[in-house]
Amino acid sequence: MRMLLAATTAGLAVVAATVPGPALAAAPHPTTYVVSRDPAVRPEGIAVAPDGTMYVTSVTTGAVYRGHTGRAELRPFLPAGGDGRSAAAGVHLDRQGRIFVAGWDTGALFVHARDGALLARRDAAGAALNDLAITEDAVYVTDSATATVWRAPLGAGRVGELVPWLTAADFPAPPGFLNGIVVTGDDRLALVADQGTGEPGTERLWRVDLAGRTVTAVDVVGGQLGADGLLLEGDRLYGVVNFPDGAGGSRFAVNLVRLDADRRSARLVRQSQPAGLAESPTTIARDADRLLWVNSQLNATAPAPPFTVTPVRGLC
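These figures come from a predicted structure and were not determined experimentally. Along each chain, residues carry numbers from 1 onward, in the same order as the chain's sequence is written. Predicted model: local features are reported for residues with pLDDT of at least 70 only, side-chain atom pairs are reported and counted for 80 or more only, and whole-chain, interface and lining totals are derived from all residues. Side-chain metrics rest on all non-hydrogen atoms present in the structure, leaving aside hydrogens and water.

Student: Is there a simple way to think about the sheet that holds strand S7 (residues 99-102) in this case?
Tutor: Sheets are built from strands that pair by backbone hydrogen bonding, the pairs being arranged parallel or antiparallel. One open sheet holds the 4 strands; their spatial order is S6-S7-S8-S9, and the pairing between them is antiparallel. Sheet topology places strand S6 (91-93) and strand S9 (118-123) at the edges, where each strand pairs with a single neighbour. Within the sheet, the average angular offset between the axes of one strand and its neighbour, ignoring direction, is 15 degrees. Only strands that DSSP links by at least two bridges are regarded as paired with each other. Only DSSP runs of H or I covering at least 4 residues are called helices, and only runs of E covering at least 2 are called strands; the numbering of each starts at the N terminus. Sheet topology places S7 next to strand S8 (residues 108-112); 4 bridges connect them, and they run antiparallel. Looking at the pairing, Phe100 lines up with Val111 of S8. A fitted line through C-alpha atoms represents every axis, and for helices the fit uses only the stretch in contact; the resulting angles, taken between N-to-C directions, go from 0 to 180 degrees.

Student: What is the right way to look at the pattern of salt bridges in this model?
Tutor: Each reported salt bridge corresponds to a side-chain nitrogen of Lys or Arg within 4 Å of a carboxyl oxygen of Asp or Glu. The tally for this structure, following the rule as stated, stands at 13 salt bridges. With a closest N to O distance of 3.6 Å, Glu161 and Arg122 form a salt bridge. With a gap of 39 residues between them, Glu161 in the loop between strand S13 (158-159) and strand S14 (163-166) and Arg122 in strand S9 connect regions that are remote in the sequence. We note a salt bridge from Arg207 to Asp262, for which the minimum N-O separation is 3.4 Å. Of this pair, Arg207 sits in strand S17 (residues 204-209) while Asp262 sits in the loop between strand S22 (250-259) and strand S23 (265-271), and the two are 55 residues apart along the sequence. Look at Asp262 and you get partly exposed, because its relative accessible area is 27%. Residues joined by salt bridges that share partners form a network here, namely Asp186, Arg188, Arg207, Asp262 and Arg264. Relative accessibility decides the category of a residue: with a 1.4 Å probe and only protein chains considered, values under 20% of the type maximum give buried, values over 50% give exposed, and everything between is partly exposed.

Student: When you look at the pairing of strand S11 (residues 138-143) in this model, what are you seeing that I'm missing?
Tutor: S11 sits mainly inside the fold: 6 of its 6 residues count as buried. Side chains Ala138, Tyr140 and Thr142 project from S11 onto one buried face, and the interleaved Val139, Val141 and Asp143 project onto a second face that is buried too. The pairing of strand S10 (residues 129-134) with S11 spans 4 bridges and is classified as antiparallel. Its bridge partner lying in S11, Ala133 is registered against Tyr140. Where S10 hands over to S11, the hairpin turn is made up of 3 residues, counted between the paired strands. With 6 bridges connecting them, S11 and strand S12 (residues 148-155) associate as antiparallel partners. Bridging across to S12, Val139 finds its partner in Ala152. Hairpin connection from S11 to S12: 4 residues lie between these consecutive antiparallel strands, with Ala147 at a positive phi of about 55 degrees.

Student: Sorry if this is basic, but what is going on with the pairing of S9 here?
Tutor: Examined bridge by bridge, S8 and S9 share 5 bridges and lie antiparallel to one another. If you follow Val111 over to S9, its bridge partner there is Ala120.

Student: Would you mind going over the sheet that holds S23 with me for this structure?
Tutor: Read across the open sheet, the 5 strands follow the order S19-S23-S22-S21-S20; overall the sheet is mixed. Either end of the sheet is taken by a strand with one partner, and the two such strands are strand S19 (219-221) and strand S20 (230-233). With direction set aside, neighbouring strand axes in the sheet form an average angle of 35 degrees. Bridge count between strand S21 (residues 236-244) and S22: 9 bridges; the pairing is antiparallel. Residue pairing in the sheet places Val240 in a bridge with Val254 of S22.

Student: Looking at this structure, how should I read the packing of aromatic side chains?
Tutor: For any two aromatic rings, the description comes down to two numbers: the centre-to-centre distance and the angle of the planes. Within 6.5 Å between ring centres, the rings of Phe, Tyr and Trp (the latter by its six-membered ring) count as paired, and their orientation is classed by plane angle as stacked under 30 degrees, edge-to-face over 60, tilted in between. Using the criterion set out here, one finds 3 aromatic pairs in the structure. A centroid spacing of 5.4 Å and a plane angle of 70 degrees characterise the contact between Phe171 and Trp206, whose relative ring orientation is edge-to-face. Of this pair, Phe171 sits in the loop between S14 and strand S15 (178-183) while Trp206 sits in strand S17, and the two are 35 residues apart along the sequence. Of the residues examined, Phe171 reaches a relative accessible area of 6% and is grouped as buried. Judged by its relative accessible area of 3%, Trp206 falls in the buried class. Placement of a charge over a ring requires the Lys NZ or Arg CZ to be within 6 Å of the ring centre, with the centre-to-atom vector within 35 degrees of the ring normal. The side chain of Arg85 reaches across the aromatic face of Phe110, ending 5.2 Å from its centre.

Student: In this structure, what is going on with the side chain of Thr106? I would like to understand it.
Tutor: Within the fold, Thr106 resides in the loop between S7 and S8. Reaching out from Thr106, the side chain makes a polar contact with the backbone oxygen of Gly103 at a distance of 2.5 Å. In this description, contact between two residues means that some pair of their heavy atoms is separated by no more than 4.5 Å. Apart from the residues within four sequence positions on either side, Thr106 is in contact with Gly84, Arg85, Ser86, Ala87 and Arg121. Residues adjacent in sequence count toward polar contacts only when both atoms are side-chain atoms; beyond that, a polar contact is any pair of N or O atoms within 3.5 Å, and within protein one must be able to donate a hydrogen and the other to accept it.

Set out below in structure tokens:
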């Protein structure tokens, strides 16, 4: 779920660079995936499993759709309103294949088995649970309503209770709108995107030491990473950002930054081709040599089905 930056300044400059991508996919895949033709659906979160299974959430209904990157159509997997989930934002899979869904303003985290069975529901009173990241021993969830990061312990196949783990007072400056979150491969650090107040220049990327529970700002050079969806691959951090188009509107793109070894600074090295308000893309996931993003249409003047997932253009 995103916050739009106010359209008051010119867009970001694109930094040209040659960035090697992952190995090429073995076979061609569809270039458009239809999530739903229901006019009430606004897709938001996406997760792609190693076997190509794709999950996409609906922030307006709480439904979760499932498909495969080799097929163009997704189908309903978890029904709208199921288990009290009337909205759904971020979705991620753990190493056991369990499906974690951030329930946005339902104020709940839902955990499902691969067959859809509800394994756990964990409530966070008053929260708007937006995105999540999973380590070996915990799940961390951003709360856009109260600038809180919630945490639930994981162990012995169980999901513990959600508790406020970082509050606004724990940040060097009060966050505006916490959104995307990722963790490093060693489970040592989290990177948390803050979209700020909606005014350009208020965006931040926060570095969180998970053991010490301390927060510092990442120095991002050449652009911004106050992102909706984040994707971390080694020292490459991707984020879906929006920025003024210079004509009173907004555009959306994926920024790619290179992080330093200690994840304290980052430099923009490339930006994807942009999309407009009609698509309003939100979050991203890796599919072999491609990045996929969700065309939410959340900011479109006249949202119209079908609602789709497509490859990010100009970046892999």
